[in-house]
Amino acid sequence: MKLIRFDGGRVGVVDAQRVFDITDIVREDPVAWPPTGICRVIRDFDSFRPAIADRIKGGAGVPLDSVRLETPVPWPNKLMAYPVNYHDHAKEMASKGLANVQGYFLKSNSSLAGPSDRVELPALAGREVHHECEIALVIGKEGRQIPPERAMEYVFGYACLLDMTVRGKEERVFRKSYDTFTPVGPWIVTADEVPDPADIGMKLWVNDELRQQANTRDLIVDIPQMVAVASSASTLYPGDLIATGTPAGVGPVRDGDVITIEVEHVGRMSIPVVQGTRGANVVFEKPYEFVRAS
Ligand code: MN
């Protein structure tokens, strides 16, 4: 199933380009704050499946393009991310900080944005903001010290994710945590719709130019190991997000660009880039030149 949040915190599923509102079935209060309800919905999702299937069978629903899609999990317990996790990207960054020697890092939850939102570039003269094309794992079940051979039981689903990044040498969390720097969507595809997690293709375009292309078979740390490593340190909770790392081809975006990401078995979303006026600070006063190693 394709699980969405839309139109001010309502919960729905998408089937054949139509949206079925299931807010009542999952007993979500769209105006509850903080907006953590979807984490409980994810935890209990299997118990709602029969009623959801009935709702789809009952027809009705509204056209997908008549709703405003929102980020699927706006307030997770954790937004985790793996660094350099494809060998080709390690090469272009001349990086020794591979995912298998670094473990995970965090991005601010408040950097999350949705498929109908825009990426707002901070006003940082002398800095590039780069796109990173990634697949998001959505955790479905609480667990600690999860062995790799059981890891997939804890993966609820997948989504497209952009890990936007100010290039530089400063604290990675800070460079990646500007508001709107983590678009996720357009929905969560439940794990049962992805036949093989070790064979998921993804692509990213800026305007019409294909910039990034990869397949999860080329990951340095594969999906089960990512869950195992993260959960060795931290209890994973339903709704937690893991950004699984980006392949080669990262590069700058500018005002007016449109970033399109496509993940096989999941879907695609296009995110406009706009230049904002906020975001300058003393940390980023010094210019930084990104040089691609090759
Ligand atoms: Mn990344």
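Fair warning: this is a prediction, and the values are worked out from it, not measured in the lab.

1. Thoughts on the pattern of salt bridges
Using the criterion set out here, one finds 20 salt bridges in the structure. With its nearest N and O atoms 3.2 Å apart, the salt bridge here joins Glu132 to Lys176. Residue Glu132 is found in the loop between strand 10 (129–131) and strand 11 (133–139), and its partner Lys176 is found in the loop between helix 5 (172–175) and strand 14 (182–190); the two are separated by 44 residues along the sequence. Taking the shortest distance from any N to any O, the salt bridge between Arg217 and Asp199 comes out at 3.4 Å. Note that Arg217 is positioned in the loop between strand 16 (209–215) and helix 6 (223–233) and Asp199 in the loop between strand 14 and strand 15 (201–206), a separation of 18 residues in sequence.

2. With respect to helix 2 (residues 45–57)
Taking 1.5 Å of rise per residue, 13 residues should cover 18 Å, and helix 2 covers 18 Å from first to last C-alpha, within 8% of that figure. For helix 2, the set of buried residues is Phe45, Phe48, Ile52 and Ile56. Structurally, helix 2 contributes buried residues whose contacts are with strand 1 (2–6), strand 2 (10–15), strand 3 (18–21), helix 1 (37–43), strand 12 (155–162) and strand 14. Directly after helix 2, the chain includes Gly59, whose backbone phi takes a positive value near 80 degrees.

3. Some thoughts on the pairing of strand 19 (residues 258–263)
Where strand 15 and strand 19 come together, five bridges link them in antiparallel fashion. Considered in strand 19, the bridge of Val206 is made with Ile259. Judged from the six bridges that link them, strand 19 and strand 20 (residues 267–275) form a sheet pairing that is antiparallel. For Thr260, the partnering residue across the bridge sits in strand 20 and is Ser270.

4. Section: the coordination of the manganese ion
At 2.0 to 2.1 Å from the manganese ion lie its protein donor atoms, namely Glu132 (OE), Glu134 (OE) and Asp163 (OD). Each donor residue of the manganese ion belongs to the same chain, and together they define the spacing E-x1-E-x28-D. Here Asp163 lies in the loop between strand 12 and strand 13 (165–166) and Glu132 lies in the loop between strand 10 and strand 11, a separation of 31 residues in the sequence. For the pair shown, Glu132 and Asp163 are each scored as buried.

5. Examining the side chain of Lys176
Given the relative accessible area of 4%, Lys176 is considered buried. A polar atom in the side chain of Lys176 sits 3.2 Å from the side chain of Glu132. Look past the residues within four positions of Lys176 in its chain and what remains in contact with it is Phe105, Lys107, Ser111, Glu132, Asp163, Met164, Thr165, Phe181 and Thr182.

Rules of the game
- Residues numbered from 1 in each chain as written.
- Predicted model: local features only at pLDDT ≥ 70, side-chain atom pairs only at ≥ 80, totals over all residues.
- Heavy atoms only, no water.
- Salt bridge = Lys/Arg side-chain N within 4 Å of Asp/Glu carboxyl O.
- Helix = DSSP H or I, 4+ residues; strand = E, 2+ residues; numbered from the N terminus.
- Expected span 1.5 Å × (residues − 1).
- Buried < 20%, exposed > 50% of the residue type's maximum accessible area, 1.4 Å probe, protein only.
- Contact = heavy atoms within 4.5 Å.
- Pairing = 2+ DSSP bridges.
- Donors = N, O, S within 2.8 Å, 3.2 Å for Na, K, Ca; no water.
- Polar contact = N/O pair within 3.5 Å; in protein donor to acceptor, adjacent residues only side chain to side chain.

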